[in-house]
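Given next are the chains, with one letter for each unit.
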Protein chains: 2
Amino acid sequence: MLRVGILGGGQLARLLCLAAHSIGFSSAVYAAEEFCPAKNVSQYYQGEFNDNARLNEFLANVDVVTIENENFSADFLGIIEAKNKLLPKSNSFIVFQDRLTEKKLFNQLNIPTNQFYPVDSYTTLQDAANQLGYPFVLKQRKLGYDGRGQYVIRGEKDITNFKDKQELFFIAEEWINYDREVSIVAARNTLGEISYYDICENRHENGILKKTQVRKADPMFPVATELVKKAMMHLNYVGVMTIEFFQVNQQLLANEVAPRVHNSGHWTMHGALTSQFENHIRAITGLALGSTDTVANVSMYNCIGGMPELGEVMKLPGAYNCDYLKTPRANRKLGHITLVDNDSTRFKNSEANLTELIKAAEVVDL
Amino acid sequence: MLRVGILGGGQLARLLCLAAHSIGFSSAVYAAEEFCPAKNVSQYYQGEFNDNARLNEFLANVDVVTIENENFSADFLGIIEAKNKLLPKSNSFIVFQDRLTEKKLFNQLNIPTNQFYPVDSYTTLQDAANQLGYPFVLKQRKLGYDGRGQYVIRGEKDITNFKDKQELFFIAEEWINYDREVSIVAARNTLGEISYYDICENRHENGILKKTQVRKADPMFPVATELVKKAMMHLNYVGVMTIEFFQVNQQLLANEVAPRVHNSGHWTMHGALTSQFENHIRAITGLALGSTDTVANVSMYNCIGGMPELGEVMKLPGAYNCDYLKTPRANRKLGHITLVDNDSTRFKNSEANLTELIKAAEVVDL
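Keep in mind that this is a model prediction, so the values were computed, not measured.

**Student:** What's the story with the overall build of chain A in this structure? I'm lost.
**Tutor:** Counting secondary structure elements, chain A contains 12 helices and 17 strands. Taken against the 2.2 N^0.38 rule, which gives 21 Å for 366 residues, the C-alpha radius of gyration of chain A at 20 Å falls within 12% of a compact globule. Judged by the C-alpha coordinates and their principal axes, chain A covers about 55 × 55 × 40 Å. Counting all 366 residues of chain A, 60% fall into the buried class. In chain A, once contacts between residues fewer than 6 apart in sequence are set aside, the share between residues at least 24 apart is 62%. Taken as a whole, chain A presents about 14,600 Å² of accessible surface, with 46% of it coming from carbon and sulfur.

So, in structure tokens, the structure goes:
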């Protein structure tokens with residue numbers, strides 16, 4: 001029996017555990033929290049990330065380790081990697097946890113992206129503004145998610161807010177009037193095989209993903225697969241990787257990479273023959289990948305701050321609920337609901353009804 | 001958060017837990033064993049089935065209780081039922097745990113079955129032999145599974161083996177030269193909605209299920225669904241129910257009923273839009289049922305006594321592994337493998353290759 005270890009205990013860890021158990025592996029989760037979504041579905045090692053004794057106990061009891069969150073320090077990742085059990089390798093986390101090194105890699109690999117400038121002082125912020133014009137976007141280089149640590153700079157006045165800040169650790173990015181946002185979710189295993197899921201069209205509100213719509217045979221699929229393949233090959237990457245793009249006319253501009261399973265791939269739990277979670281587990285355990293075929297019309301909705309009434313949701317044809325069992329809090333992703341239906345008319349009806357139910361339960365605090 | 005309790009900790013409990021967690025429910029398992037397949041994927045209450053204090057502790061911590069095994073005593077089921085949390089209700093377990101009351105129910109409901117006679121003495125055994133002729137089948141009324149407690153009686157000599165037995169608690173059944181064995185898996189929820197999966201064709205060897213092949217649009221589907229509906233309606237049944245039939249010409253003869261998720265429905269984990277495990281959980285928690293549509297060509301193979309090499313299995317296109325993490329033992333079901341593929345030629349190839357791999361690993365002791 002192979003033992004899969006996961007660093008971090010949120011919903012991604014929870015869903016990875018379920019996939020590991022379905023194949024017939026055991027799972028163990030290492031996380032700092034007393035309660036977290038993965039706790040009661042796995043062996044659970046509660047420990048701080050600087051508690052080496054506890055960490056070594058965890059590492060001794062697993063055969064392979066993966067992460068649900070790329071924001072661990074290089075030092076910490078080095079400790080894990082020294083045991084030769086970490087997949088994907090730490091190089092991917094280190095490059096993608098910093099928006100500047102991520103963008104530089106895009107340039108190096110000729111993966112199209114928007115213009116950007118590092119900002120580490122008020123002067124460099126002014127320089128960036130001169131280069132980019134207004135509006136532009138200022139993003140924390142590390143640890144931002146769901147729109148946190150991102151600022152739209154609409155004019156000189158917004159810049160002066162940063163005049164007295166002690167340390168600036170930002171990247172300034174060109175503002176893109178995109179036609180749509182899409183993502184590609186792909187998996188690469190230890191044998192070098194790569195599989196791609198259908199492209200998804202994503203809708204964000206206030207920086208938080210609200211809806212993912214699967215687009216079968218999307219015209220941008222060949223471009224997107226080439227770009228994610230380039231990144232995977234360069235890093236000798238193993239596992240699931242997602243790239244989010246802005247599409248402008250027929251061009252895809254890479255926005256960011258998730259070196260892990262990703263929210264825009266949650267639809268695969270019920271909408272693809274093999275879920276992104278199972279394919280990630282297969283990839284890191286040396287197994288062949290499962291089919292990524294989409295089974296019907298599919299879309300996925302995030303539930304933010306509140307879950308809609310379960311009984312009402314499940315009455316919608318094709319609805320699958322996934323509650324992460326997190327304490328409700330404004331702006332927090334508490335779960336997602338996937339719609340899967342071959343009947344296109346019924347599917348559209350369910351989409352309209354589900355949107356209403358989710359909106360009524362949503363708690364967003366701007 | 002709804003808390004699902006399961007009595008018994010084997011593979012059915014394990015897979016029910018995974019389905020409950022996927023929706024966003026918690027699960028708790030009550031079982032006597034120190035180790036069992038469900039242990040590390042759920043909250044686990046180890047306790048004997050006559051330990052009322054421990055049982056009450058478990059019952060206080062769950063909202064609904066279901067079973068993975070119908071062979072609990074009526075007294076025990078009564079204790080659980082008194083808490084108003086048991087689904088399906090105990091009436092179904094009680095009638096189907098005894099092959100005689102099961103067969104009598106078939107007669108009562110005009111569900112066709114083979115001829116049968118109760119056997120509780122050597123005299124009644126001789127009477128049954130006179131009525132049925134040779135060969136016929138003698139089955140323990142209770143607790144038989146995977147062919148255990150079943151005897152083919154080929155002539156008078158076989159009868160005399162039972163002459164000196166103290167107590168006989170059997171049913172004698174007509175020998176059927178069937179054309180094929182099929183099963184229907186259906187779910188009925190608390191609202192009375194019923195959904196049916198496609199018919200499966202089952203192949204047993206030595207009384208143990210070896211292979212289940214899904215038959216889309218099978219000509220016997222309308223007959224099978226009417227029969228399982230009749231049983232469910234009569235019992236006001238809630239949950240997944242399976243009926244196994246012998247088919248002779250165009251007639252289905254009910255062989256036995258499983259008032260629970262069933263091995264011949266395991267293919268639904270990857271081969272149907274909604275698994276039998278999720279639909280059982282939905283049914284007992286008052287939710288609408290999910291689509292039972294089959295997604296492609298599907299067949300399922302049991303692994304008996306030994307699991308084939310995982311890496312080789314997963315290389316087969318469309319293969320999904322499910323290891324129950326049980327201690328290997330001859331004749332024991334250790335896991336199952338499902339093949340799901342839209343490409344019929346590739347599917348047939350995988351079937352042939354998988355059959356070889358499974359056979360090489362199998363340990364059967366007759």
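This is not the end of the story, as more comes after the structure.
**Student:** Whenever I open this one, the interface of chain A and chain B confuses me. Can you help?
**Tutor:** By a widely used convention, the size of an interface equals the accessible area lost when the partners come together. At the interface, 33 residues of chain A touch 33 residues of chain B. At the boundary of chain A with chain B, total buried surface from both sides reaches about 2,800 Å², with 59% on carbon and sulfur atoms. Per-residue buried area on chain A facing chain B is highest for L273, M314 and Y320 of chain A; these three make up 20% of the total on that side. For the interface between chain A and chain B, the tally reads 0 salt bridges.

**Student:** I keep staring at the pattern of salt bridges and nothing clicks. Help me out?
**Tutor:** All names here are of chain A. Applying the stated rule across the entire model yields 34 salt bridges over all chains. As a salt-bridge pair, R282 and E278 come within 2.9 Å of each other at their nearest N and O atoms. Taken together, the residues R282 and E278, both in helix α10 (residues 276-284) and 4 residues apart, mark about one turn of the helix. A residue is classified by how much of its surface remains accessible, and E278, at 4% relative accessible area, is buried. Through salt bridges that share partners, R180, E201, R215 and D218 make up one connected network.

**Student:** When you look at empty space enclosed by the protein in this model, what are you seeing that I'm missing?
**Tutor:** To find leftover empty space, a probe the size of one water molecule is rolled over the atoms. All chains considered together, the criterion is met by 2 cavities of 30 Å³ or more. Along the wall of the largest cavity there are 27 residues; nearest its centre are S22, M269 and H270 of chain A together with M269 and H270 of chain B. Of all elements in the fold, only α1 (11-23), α9 (268-271) and α10 of chain A together with α1 (11-23), α9 (268-271) and α10 (276-284) of chain B reach the threshold of two or more residues within the lining of the largest cavity. Here the lining of the largest cavity is built from residues that sort into 16 nonpolar, 9 polar and 2 charged. As for the second largest cavity, its lining consists of E181, V182, N202, E244, F245, F246 and N255 of chain A. Only β9 (180-188) and β13 (239-248) of chain A provide two or more residues apiece to the lining of the second largest cavity. With 3 residues, the single largest contributor to the lining of the second largest cavity is β13 of chain A. A class-by-class count of the residues in the lining of the second largest cavity yields 3 nonpolar, 2 polar and 2 charged.

**Student:** What exactly am I supposed to notice about α10 of chain A here?
**Tutor:** All names here are of chain A. By the criterion of burial, α10 is predominantly enclosed, with 9 of the 9 residues buried. Inspection of α10 places Q276, F277, E278, N279, H280, I281, R282, A283 and I284 among the buried residues, and these make up the whole buried set. Positive backbone phi, approximately 80°, marks G286, located one or two places after α10.

**Student:** What should I look at first to understand the relation of the copies chain A and chain B in this one?
**Tutor:** The pair of chain copies shares a relation made of a rotation about an axis and a shift along it. For the pair chain A and chain B, the best superposition has an RMSD of 0.0 Å and corresponds to a rotation of 180° with a translation of 0.0 Å parallel to the axis. The superposition of one copy onto the other is thereby described by a two-fold rotation axis. When C-alpha positions in chain A are compared against the rotation axis, the closest is assigned to V41 of chain A, at 2.4 Å. Comparing contact sets, 100% of the residues at the interface of chain A also lie at the interface in chain B, consistent with an isologous, same-surface contact.

**Student:** What should I look at first to understand the nonpolar core in this one?
**Tutor:** For soluble globular proteins, the rule of thumb is that nonpolar side chains tend to be buried together. Within the largest apolar cluster, 94 residues are counted, with the highest numbers of intra-cluster contacts made by V4, W267 and I281 of chain A together with V4, W267 and I281 of chain B. Filtering out sequence-adjacent residues up to four positions away, V4 of chain B remains in contact with A20, F25, S26, S27, A28, V62, V64, I281, I284 and T285 of chain B.

**Student:** What is the right way to look at unusual backbone geometry in this model?
**Tutor:** Most of the time, phi is negative for any residue but glycine, and the peptide bond is trans. Look at the link from L87 of chain A to P88 of chain A: it is a cis peptide, with omega at -10°. On the secondary structure map, P88 of chain A appears in the loop between α3 (74-81) and α4 (90-96). Cis geometry is adopted by the peptide bond preceding P135 of chain B, which originates at Y134 of chain B and carries an omega value of -10°. Locating P135 of chain B in the fold gives a position in the loop between α6 (122-132) and β6 (136-140). Phi is positive for N236 of chain A, which is not a glycine, with a value near 50°. Secondary-structure assignment places N236 of chain A in the loop between α8 (221-235) and β13. Its identity as a non-glycine residue notwithstanding, L325 of chain B has a phi of 60°, on the positive side. One can find L325 of chain B in the loop between β16 (319-323) and β17 (333-341). Judged by its relative accessible area of 29%, L325 of chain B falls in the partly exposed class.

**Student:** In this structure, what is going on with the environment of E68 of chain A? I would like to understand it.
**Tutor:** All names here are of chain A. Among the secondary structure elements, E68 is positioned in the loop between β4 (64-67) and α3. The spacing of E68 and R260 is 192 residues in sequence and 6.4 Å in space, taken between C-alpha atoms. For E68, the residues in contact, after removing those within four places along its chain, are I6, L7, G8, G9, G10, Q11, L12, A13 and R260. Polar side-chain contacts of E68 include one of 2.9 Å to the backbone nitrogen of A13.

**Student:** What exactly am I supposed to notice about the sheet that holds β6 of chain B here?
**Tutor:** Within a beta sheet, neighbouring strands are joined by backbone hydrogen bonds and run either parallel or antiparallel to one another. Residue and element names in this part refer to chain B. Pairing within the open sheet is antiparallel, and its 4 strands lie in the order β5-β8-β6-β7. Only two strands of the sheet have a single neighbouring strand rather than two, namely β5 (116-119) and β7 (150-153). With direction set aside, neighbouring strand axes in the sheet form an average angle of 25°. Pairing analysis gives 4 bridges linking β5 to strand β8 (residues 170-174), with the strands arranged antiparallel.

**Student:** Sorry if this is basic, but what is going on with the packing of aromatic side chains here?
**Tutor:** To describe a pair of aromatic rings, one takes the distance between the centres and the angle between the planes. What the rule picks out here adds up to 26 aromatic pairs over all chains. On the basis of an interplanar angle of 90° and a centroid distance of 5.2 Å, the ring pair of F49 of chain B and F76 of chain B is categorised as edge-to-face. Taken together, the residues F49 of chain B in the loop between β3 (43-46) and α2 (52-60) and F76 of chain B in helix α3 (residues 74-81) connect sequence positions 27 residues apart. On the accessibility criterion, F49 of chain B (26% relative accessible area) is partly exposed. Relative accessible area serves as the criterion here: at 5%, F76 of chain B is assigned to the buried category. Three or more aromatic residues joined by ring pairs form one cluster here, namely Y30, Y45, F49, F58, F72 and F76 of chain A.

**Student:** What am I meant to see in the packing of helix α2 (residues 52-60) of chain A against α3 of chain A here?
**Tutor:** Relative orientation and spacing of two packed helices are given, respectively, by the angle between their axes and the distance between those axes. All names here are of chain A. Two elements in contact, α2 and α3, have axes separated by 11 Å at closest approach and are oriented at 40°. As the angle between them shows, α2 and α3 are arranged oblique. Considering how the two elements wind past one another, α2 and α3 form a crossing that is right-handed. Contacts between α2 and α3 involve N52, L55 and L59 from the first element and F76, I79 and I80 from the second.

**Student:** In this structure, what is going on with the sheet that holds strand β1 (residues 3-7) of chain B? I would like to understand it.
**Tutor:** Residue and element names in this part refer to chain B. Spatially, the 4 strands line up as an open sheet ordered β3-β2-β1-β4, and their pairing is parallel. Sheet topology places β3 and β4 (64-67) at the edges, where each strand pairs with a single neighbour. The sheet shows a mean angle of 25° between the axes of neighbouring strands, direction not considered. The sheet contact formed by β1 and β4 spans 4 bridges and is parallel. Along β4, the bridge assignment pairs I6 with T66.

**Student:** Is there a simple way to explain α3 of chain B in this structure?
**Tutor:** Along an α-helix, residues three or four positions apart point the same way, because every turn accommodates 3.6 residues. Residues and elements named next belong to chain B. For α3, every residue scored as buried is listed here: F76, L77 and I80. Looking down the long axis of α3, one finds its buried residues gathered within 95° of arc, a one-sided arrangement. Packed against the buried residues of α3 are β1, α2, β4 and α4 (90-96).

Conventions and cut-offs
Residues numbered from 1 in each chain as written. Chains lettered and ligands numbered in written order. Predicted model: local features only at pLDDT ≥ 70, side-chain atom pairs only at ≥ 80, totals over all residues. Heavy atoms only, no water. Helix = DSSP H or I, 4+ residues; strand = E, 2+ residues; numbered from the N terminus. Rg over C-alpha atoms; globule rule 2.2 N^0.38 Å. Buried < 20%, exposed > 50% of the residue type's maximum accessible area, 1.4 Å probe, protein only. Contact = heavy atoms within 4.5 Å. Areas by Shrake-Rupley, 256 points an atom, 1.4 Å probe, with all protein chains shown as cover. Buried area = accessible area lost by both parts, 1.4 Å probe. Salt bridge = Lys/Arg side-chain N within 4 Å of Asp/Glu carboxyl O. 1 Å grid on protein atoms, 1.4 Å probe; cavity = no way out; pocket = protein on both sides within 12 Å on 5 of 7 lines; lining within 4 Å. Points joined across faces, edges and corners; volume = space filled by probe spheres on them. Nonpolar A, V, L, I, M, F, W, Y, C, P; charged D, E, K, R; others polar. Least-squares fit on C-alpha atoms with pLDDT ≥ 70 in both. Core = buried A, V, L, I, M, F, W, Y, C linked by side-chain atoms within 4.5 Å. Polar contact = N/O pair within 3.5 Å; in protein donor to acceptor, adjacent residues only side chain to side chain. Pairing = 2+ DSSP bridges. Axes fitted to C-alpha atoms, helices over the stretch in contact; angles between N-to-C directions. Phe/Tyr/Trp six-rings, centres within 6.5 Å; stacked < 30°, edge-to-face > 60°. Parallel < 35°, antiparallel > 145°, perpendicular 65-115°, else oblique. Left-handed = near helix turned anticlockwise from the far one by under 90°. Arc of directions from axis to C-beta.

By themselves these figures say nothing about function.
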